[in-house]
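# Report on the structure
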Amino acid sequence: MARLTLVLLAVLVVCALSLVSAQHQARKLYAEREQAQAQARELDVEYGRLQLEAGTWSRPARIAQIAAQKLDMRGPEPRRVRSVYLQRGRAE
């Protein structure tokens, strides 16, 4: 009878330690998940800011200004511009 009691006590201790270990692991994984979600939110904000910045830098007026100032470029003279129109329904 004493031997059975000791075996059951050992099984109970092992089960209790397994439970504590599982709870600790669950809390640890939850904390890691929260950190990953916070980082994902920060990256979403940064991505939005970078998209806005890219839109600002690629404005046609800004590009034309830089081309004129730094590269000494300018648009063609109106008399040198030719328009080409395609006829619809005509196969080539």
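Throughout what follows, the structure given in this document is the object of discussion. The shown structure was predicted, so the numbers you read here are calculated from the model rather than taken from an experiment.

Attention now goes to unusual backbone geometry. Although it is not a glycine, Asp72 adopts a positive phi angle of roughly 55 degrees. Its place among the elements puts Asp72 in the segment after α2 (60-70).

It is worth spelling out the pattern of salt bridges at this point. Scanning all chains against the criterion turns up five salt bridges. Salt-bridge contacts for Arg79 lead to Glu77; the nearest nitrogen and oxygen are separated by 2.9 Å.

All right, on to a nonpolar patch on the surface then. A contiguous nonpolar patch, built from Leu6, Leu9, Leu12, Val13 and Leu17 and spanning about 510 Å² of accessible area, is present on the exposed surface. Within the secondary structure, Leu17 sits in helix α1 (residues 2-57).

What counts, and where the lines are drawn
- Sequence order as written defines the numbering, with residues in each chain counted from 1.
- Reporting of local features is limited, given that this is a predicted model, to residues whose pLDDT is at least 70; pairs of side-chain atoms are given and counted only at 80 or more, and all residues count toward the totals for whole chains, interfaces and linings.
- Side-chain measures were taken over the full set of non-hydrogen atoms in the model, leaving aside hydrogen atoms and water.
- Secondary structure elements follow DSSP: runs of H or I no shorter than four residues count as helices, runs of E no shorter than two count as strands, and numbering proceeds from the N terminus.
- A carboxyl oxygen of Asp or Glu within 4 Å of a side-chain nitrogen of Lys or Arg is what we treat as a salt bridge.
- Candidates for patches are residues over 30% relative accessible area with no salt bridge; among them, like charges are joined within 9 Å and nonpolar side chains (Val, Leu, Ile, Met, Phe, Trp, Tyr) within 5 Å.
- Each accessible area is a Shrake-Rupley result for a 1.4 Å probe, and residues are judged covered by the shown protein chains and nothing else.

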